[in-house]
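# Analysis of the macromolecular model
Chain by chain, the residues:
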There are 2 protein chains.
Amino acid sequence: MEQLQYQEGRTEISQLGKVALISRLTDGTACQGDDCAVLGDGKKKTLVSVQTLVEGVDFDMMYTPLRHLGYKAIAIAISNIAAMNGTPRQVLVSLAVSNRYSVEALDELYAGMHLCCRRYDVELVGGDTSSTRAGMVLSVTAIGEADEEKIACRKGAQHNDLICCSGDLGSAYAGLLVLEREKVTYQANPDFQPDLDGFDYVLERFLKPEPRTDIVAMLAERGVVPTAMTDVSEGLADSLLHLCRASGVGCEVYEERLPIDYQTSRVCSEMSNNMLPVSCALNGGKDYELLFTVSQQDYEKIKEMEGVHIIGYVTESGMPAVMVTPQNTTIELRAQGFQGTEE
Amino acid sequence: MEQLQYQEGRTEISQLGKVALISRLTDGTACQGDDCAVLGDGKKKTLVSVQTLVEGVDFDMMYTPLRHLGYKAIAIAISNIAAMNGTPRQVLVSLAVSNRYSVEALDELYAGMHLCCRRYDVELVGGDTSSTRAGMVLSVTAIGEADEEKIACRKGAQHNDLICCSGDLGSAYAGLLVLEREKVTYQANPDFQPDLDGFDYVLERFLKPEPRTDIVAMLAERGVVPTAMTDVSEGLADSLLHLCRASGVGCEVYEERLPIDYQTSRVCSEMSNNMLPVSCALNGGKDYELLFTVSQQDYEKIKEMEGVHIIGYVTESGMPAVMVTPQNTTIELRAQGFQGTEE
């Protein structure tokens, strides 16, 4: 029996990186590497994106209530539509599960999905179920729409544009740190009662993120079209690097401008490894906030926008993506890359 | 730490069945349980469907060349569009892999995807990659279009309509049987040279199925709009039962009318358990042929259509779905149900 061997010239996925991996896949097609595909001939475009969550990688059943998981799966798919400055309309769900899950468990999952769909006025129009040998895999396809001239891709940021982000950064990762700490304690002593008091905000940020369709609506109301946009799914550094690379520009963001919640700082200071809150913001990810650039002309409209922070500006082509510390030190931003797990 | 327990009132997925599981998910939404969701306000509708393949369940890396797997993943997603009498236009791919796969291996997978896209004039417009702890999961979202009045759902078959299917049935499953037999022999003796001679047709049917967009085009050319339609992904019995249930009708198909290739029959006769070819056709699945019903008025147009077989007719509401044997025995068709694997 022929079993294909790839021993010769083996390149590890981690060497190549996720973005390069996706562009190898979508090579020669429009909008490669963007949050959504853009379809349609008319002025009203259809946006489509697909997002997969894998048990044991993207979520841990130990501390993920199924209702929250369902909500999150829909929320992050919707976030891809918001990340193109579009309005989400429909979702389709492909669910692969093992027999470990009962129908009642899946009903909890579905309840969370339906809740998120209702909240964001999105219709769940289709689905597919299949079985796995172990664990759960959730793929959600989100469909949205946007006027052609309002679509914001990663490409488009211009020198001197303002860099903005919504909400706060690093809190989802702080929530994950709390859950992981409690998990370790629980595994050591199953009688242990978890201590989650005072961490409600960061926990909710991780377990039940909200797509920022409100920011998209606010920008539309004020007549601001971002020159470039993405969401912060793998940390601010990763999103900034994607945006700069696609736009062929550099950027300068200011550490003191990064919006970080006090609970995030508290979690960091309590962690034994004494992690810096700014590291959570730069590399934590899973915040699903929007990162976008706007022309300087839009400064007046943007500066009073609730929940929007101006964190820096776009520099010339050829310049690196950097963060400036309060001590005026310049740090070049690096991506974390594709974190494939060993089998 | 709260870990949700579902011990009380546990219902196994296998008790409920896949269709019921999907309709629980998409409850209250249009087109539930159909091959695609139908979107859009105008007369030109957008069809969207998502389909997931899981390593170890839907494919076995032991005998699945990655190029074939890539081709198949796209082909079966496209088949969902054909199954609604639509034309496929775009696909998006969500790939989750472990580090066991090298970049070169994924390039093989992509090459197969691109080949299938080219062959069916479909654009690969987007993608997403993520990591798994083990194995590969492939979700493909297919997008197509169809004029509103030409869309064929599972619902719509009328009493006395003719039941038609394309191609032949059971050959993909016969191919799987050959591969499984060779795998067992290989595992017992790794020096063993596989004997696949004379099985090329059934092997290709399993490893590299072709979506029947040609049948959709042929029906359009001849001005035939099926009253109901689906594809044969889980076997003829399963597809017929879905179609009858959705349409609120019964059906009668004739065993001697079922199109079965001689290689399928040969594989069946060589298997030690002496499986009947008709069982492959009814319950084997993965043929991705089209099953559809047409009005009797279209008989003249249908009967000379190459690759289309009239296998029976639609009976009244309240009647069962049955197969009539050459000995004139009537056998009620049963679904295989959701075959979740034990963890």
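Everything that follows concerns the structure shown earlier in this document.
Residues numbered from 1 in each chain as written. Chains lettered and ligands numbered in written order. Predicted model: local features only at pLDDT ≥ 70, side-chain atom pairs only at ≥ 80, totals over all residues. Heavy atoms only, no water.

Turning to the overall build of chain A, a few remarks are in order. For chain A, the helix and strand inventory stands at 11 helices and 12 strands. Out of the 343 residues belonging to chain A, those deemed buried represent 57%. Once local pairs closer than 6 in sequence are excluded, the contacts in chain A between residues at least 24 apart make up 84%. Carbon together with sulfur atoms contributes 45% to the accessible area of chain A, which is approximately 14000 Å² in total. (Helix = DSSP H or I, 4+ residues; strand = E, 2+ residues; numbered from the N terminus. Buried < 20%, exposed > 50% of the residue type's maximum accessible area, 1.4 Å probe, protein only. Contact = heavy atoms within 4.5 Å. Areas by Shrake-Rupley, 256 points an atom, 1.4 Å probe, with all protein chains shown as cover.)

This paragraph deals with the pattern of salt bridges. One side chain can pair with another of opposite charge once the charged atoms of both are near each other. Residue and element names in this part refer to chain A. Here the structure, examined in full by the defined rule, presents 38 salt bridges over all chains. Two residues, Lys208 and Glu204, come together in a salt bridge whose shortest N-O distance is 3.8 Å. Linked through salt bridges whose partners overlap, the residues forming this network are Arg205, Arg212, Asp214, Asp287 and Glu289. (Salt bridge = Lys/Arg side-chain N within 4 Å of Asp/Glu carboxyl O.)

Residue and element names in this part refer to chain A. Residues Val278, Cys280, Ala281, Leu282 and Gly284 constitute the buried set of helix H10 (residues 277–284). As for H10, its buried residues are in contact with helix H5 (171–188), helix H8 (236–247), helix H9 (262–270) and strand S11 (321–324). Positive backbone phi, at 80°, marks Gly285, one or two positions downstream of H10.

Residues and elements named next belong to chain B. Helix H9 (residues 262–270) packs onto helix H6 (residues 200–207) with a crossing angle of 100° between their chain directions and a minimal axis gap of 8 Å. The angle between the axes of H6 and H9 places the two elements in the roughly perpendicular class. Packed against H6, whose contacting residues are Asp200, Tyr201 and Val202, the element H9 presents Gln263, Thr264 and Val267 at the interface. Here the contact of H6 with H9 is composed, by residue class, of three nonpolar, two polar and one charged. (Axes fitted to C-alpha atoms, helices over the stretch in contact; angles between N-to-C directions. Parallel < 35°, antiparallel > 145°, perpendicular 65-115°, else oblique. Nonpolar A, V, L, I, M, F, W, Y, C, P; charged D, E, K, R; others polar.)

Residue and element names in this part refer to chain A. Here we have seven strands laid out as an open sheet, ordered S7-S9-S6-S10-S8-S11-S12, and mixed in their pairing. Bordering the open sheet on either side are strand S7 (228–231) and strand S12 (330–332), each of which pairs with just one other strand. Across the sheet, the axes of successive neighbouring strands diverge by a mean angle of 25°, strand direction being ignored. Direction of pairing for S11 relative to S12: antiparallel, over a ladder of three bridges. Residue pairing across strands places Met323 opposite Ile331, the latter belonging to S12. Contacts from H8 reach strand S6 (162–166), S7, strand S8 (250–254), strand S9 (290–294), strand S10 (308–315) and S11, with the element oriented near 150° to S7. (Pairing = 2+ DSSP bridges.)

Moving on: the sheet that holds strand S12 (residues 330–332) of chain B. Residues and elements named next belong to chain B. Spatial ordering of the open sheet is given by S7-S9-S6-S10-S8-S11-S12, a layout of seven strands whose pairing is mixed. The open sheet has two edge strands with one neighbour each: strand S7 (228–231) and S12. Within the sheet, the average angular offset between the axes of one strand and its neighbour, ignoring direction, is 25°. Bridge count between strand S6 (residues 162–166) and strand S10 (residues 308–315): five bridges; the pairing is antiparallel. By the bridge assignment for S10, Cys164 is matched with Ile310.

With respect to the secondary-structure elements, B:Val137 resides in strand S5 (residues 136–147). Residues B:Val137 and B:Gly56 lie 81 residues apart in sequence; the distance between their C-alpha atoms is 9.7 Å. Setting aside residues up to four positions removed in sequence, B:Val137 forms contacts with A:Val137, B:Thr52, B:Leu53, B:Val54, B:Ser94, B:Leu95 and B:Ala96.

What follows is about unusual backbone geometry. The bulk of non-glycine residues show a negative phi, and the bulk of peptide bonds are trans. In the Ramachandran plot, A:Lys286 falls in the positive-phi region, its phi being about 70° despite a non-glycine side chain. Within the fold, A:Lys286 resides in the loop between H10 and S9.

For the coordinates displayed, the defined rule picks out zero disulfides over all chains. Looking at A:Cys268, it has no disulfide partner, and the nearest cysteine sulfur is the one in A:Cys280, 3.4 Å off. Given the relative accessible area of 0%, A:Cys268 is considered buried. A disulfide-free cysteine, B:Cys117 has its sulfur positioned 6.2 Å from the sulfur of B:Cys116, the nearest such atom. (Disulfide = S-S within 2.5 Å.)

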